[in-house]
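Fold and contact review
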Amino acid sequence: MNRRKFIQNTSKAGSLLILPSGISQISNSTNPNFTKTDFGKDFKWGVATASYQIEGAWDEDGKGPSIWDTFTQNTNRIKDGSTGNVACDFYHSYKSDIQLVKDLNFDVFRFSISWSRIFPEGTGQVNQKGLDFYHRVIDHCLEIGVEPWPTIYHWDLPQALEDRGGWVNRDIISWFEDYSSEVTRAFGDKTKKWMVMNEAASFCGAGYLGGFHAPGKRGFKKFYDAAHHANMCQSGGARVIRNEVQDAIVGTTISCSWIDPIDQKEKNILAAKKLDAFLNRLYLDPIVGRGYPTDAGKFFEKIAERVPDSDYEKLKFDFDFMGVQNYSRTVAKKAFYIPVVKAFQVPPKKRGVPEDQITEMGWEVAPDGFYKILKQLGEYKEIKRMIVTENGCAFPDKVEGNSVHDPRRVQFFKDYLGNMLKAKNEGVKIDGYFVWTLLDNFEWAEGYEPRFGLVHVDFNTQKRIIKDSGLFFKELLEE
Ligand code: GAL
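Residues numbered from 1 in each chain as written. Predicted model: local features only at pLDDT ≥ 70, side-chain atom pairs only at ≥ 80, totals over all residues. Heavy atoms only, no water.

For the rest of this paragraph, the subject is helix H9 (residues 200–208). The element H9 is largely enclosed, with a buried count of nine among its nine residues. Taken together, the buried positions of H9 are Ala200, Ala201, Ser202, Phe203, Cys204, Gly205, Ala206, Gly207 and Tyr208. The inward-facing, buried residues of H9 abut strand S4 (147–153), helix H7 (159–162), strand S5 (193–198), helix H10 (220–244), strand S6 (249–255) and helix H11 (266–281). (Buried < 20%, exposed > 50% of the residue type's maximum accessible area, 1.4 Å probe, protein only. Helix = DSSP H or I, 4+ residues; strand = E, 2+ residues; numbered from the N terminus. Contact = heavy atoms within 4.5 Å.)

All right, on to the site of the ligand then. Near the ligand you find 13 residues, and of these Gln53, His154, Asn198, Glu199 and Glu443 are the closest. A distance of 2.7 Å is found between an oxygen atom of the ligand and a side-chain nitrogen or oxygen belonging to Gln53. In this structure, Glu199 approaches the ligand through a side-chain N or O atom, which is 2.6 Å from an oxygen atom. In isolation the ligand offers 310 Å² of accessible surface; the protein chains occlude 95% of this area. Of the residues assigned to the shell around the ligand, the class counts are six nonpolar, four polar and three charged. (Near = heavy atom within 4 Å. Polar contact = N/O pair within 3.5 Å; in protein donor to acceptor, adjacent residues only side chain to side chain. Areas by Shrake-Rupley, 256 points an atom, 1.4 Å probe, with all protein chains shown as cover. Nonpolar A, V, L, I, M, F, W, Y, C, P; charged D, E, K, R; others polar.)

By the definition in use, this model includes 35 salt bridges. The shortest N-O distance in the salt bridge between Glu446 and Lys79 comes to 3.0 Å. Of the two residues, Glu446 sits in the loop between strand S14 (430–436) and strand S15 (455–457) while Lys79 sits in the loop between helix H3 (67–74) and helix H4 (90–103), which places them 367 residues apart along the sequence. Take Lys79: its relative accessible area is 67%, and that puts it in the exposed class. The residue Lys467 makes a salt bridge to Asp397 at a minimum N-O spacing of 2.6 Å. Taken together, the residues Lys467 in the loop between strand S16 (463–466) and helix H16 (468–477) and Asp397 in the loop between strand S11 (386–390) and strand S12 (399–400) connect sequence positions 70 residues apart. According to the relative accessible area criterion, Lys467 is buried, its value standing at 0%. Look at the salt bridges and you will find they share partners, linking Asp397, Asp406, Arg409, Asp440, Arg451 and Lys467 into a network. (Salt bridge = Lys/Arg side-chain N within 4 Å of Asp/Glu carboxyl O.)

Looking now at the pairing of strand S8 (residues 321–325). Taken across its five residues, S8 has five buried, putting it largely inside the fold. The side-chain alternation of S8 yields two buried faces, one formed by Phe321, Gly323 and Gln325 and the other by Met322 and Val324. Sheet analysis places S6 next to S8, joined by five bridges and oriented parallel. Paired with Thr252 across the bridge in S8 is Met322. As judged from the four bridges shared by S8 and S11, these two strands associate in the parallel manner. Along S11, the bridge assignment pairs Gln325 with Glu390. (Pairing = 2+ DSSP bridges.)

This next bit is on the sheet that holds S14. Around the barrel, eight strands lie side by side as S2-S3-S4-S5-S6-S8-S11-S14; this closed barrel has parallel pairing. Strand-to-strand, the axes of this sheet are offset by a mean angle of 25°, without reference to chain direction. Pairing between S11 and S14: three bridges, direction parallel. Counterpart to Ile387 in the pairing with S14 is Gly432. Against the sheet, helix H8 (residues 172–187) contacts S4 and S5, and its axis sits at roughly 165° relative to S4. (Axes fitted to C-alpha atoms, helices over the stretch in contact; angles between N-to-C directions.)

In this section: the nonpolar core. Among soluble globular proteins, nonpolar side chains are generally buried collectively. Formed by 140 residues in total, the largest nonpolar core has its most connected members in Trp167, Tyr433 and Phe473. Of the residues forming this core, the biggest block, nine residues, is contributed by H10. Among the nonpolar cores identified, the runner-up in size contains 13 residues, and Ala48, Trp149, Tyr327 and Ala394 belong to it. (Core = buried A, V, L, I, M, F, W, Y, C linked by side-chain atoms within 4.5 Å.)

All right, on to the packing of H9 against H10 then. Running from N to C, H9 and H10 cross one another at 155°; their axes reach a closest spacing of 9 Å. One finds that H9 runs roughly antiparallel with respect to H10. The crossing of H9 and H10 is right-handed. Touching Ala200, Phe203, Cys204, Gly205 and Tyr208 of H9 are Lys222, Phe223, Ala226, Ala227, Ala230 and Gln234, all from H10. Among the residues forming the contact of H9 with H10, the class breakdown is eight nonpolar, two polar and one charged. (Parallel < 35°, antiparallel > 145°, perpendicular 65-115°, else oblique. Left-handed = near helix turned anticlockwise from the far one by under 90°.)

What is shown is where atoms sit, not what they do.
Take a look at the structure:
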């Protein structure tokens, strides 16, 4: 049986859990030069997850298809040919998986809500069983003393809405508002910490410009509109949360990367500025009231030209916190053949970065870049507080008995946490840090190969094994 079929056939395999007590000590680990106390007693420690990447149960209990169901099932654009049909089967194993969050001593479980579980058609009729599932997740968190932090949207748009143009159709602003109202009304009494959206840069760039993520669309016009509508929904969704949830703490999440020019030539310094606008500022500046980054060139002027003046006031929102997500740094070089932006990211291998400093995603391990981007964002006076809502790495793992020794991942966390602490001690207002991610899971177009989890998942049996990196956090966060 091929891997794809097998994965689809393991639905409902209950998760087998290996508890920390059954696990050998962390190998190869030296003590970090910080302790939990250094981050402050109110600092939030969490893990982040996303519905499509872990839930499975893709058509259960009335759920409608999302663009990721369509993209994985009907195209051959996933590296290993897999789907999220079963993924980690979190839909059925949520109790034991959330228990892992607790066992590893984290305070927060960040998860996302699948829009098409709630509205199978994207709008209109609500699916009560979809709401019930997230009630169960939230209730379980509260019962065992883990804080549930929902994200309203993490890339799995209902297919029915994509059929009407998806993020390119301006109507999405009202569709998103209705969906946000429904979920905040349903869960707002139980949970107060909300994030509107996950990384608009990624789903607009990869889904509507590059075409390598769902829905697989390409084209600048589509991209301009998708990006602007996503920004309108970041602030529109935030307003809904503020109105519907009493005492809400409202955030959204942005992907960000420190950008270095490949050298000090003027053209490459300009390339770095353009990539900074493209990767970092395009989804942040408008929502904090700075407008689009038109100082970075024509490309951004073109987006701005398409925006009705009356949208600018609506784009702005006074977020309680900005969710910051970082994995690596970017090195920029001018490239005349890249349309419009005229800049590209030079891959680490081409820059001579040693193999052991490159993750399975092909990303450079760059803790110093993490420090620098936190400092860069710290310069935004409009950002009141920050929470690192994702940070992590994928390295190949080997199961040895009931252990997974992953020293490179442990080292990654020590180095990134050390750099975050440095930025924090220098005055950047960082209130929390969430690891990407709890479980190895469906890594979008990369399928199941890259493993980001603190907990190893065998996708044939659904058995979980806590990795040394999980134990590293367990020890660090012990009271
Ligand atoms: C983020 C994304 C996550 C996860 C991670 C690792 O951009 O929000 O869903 O896939 O990257 O690639």
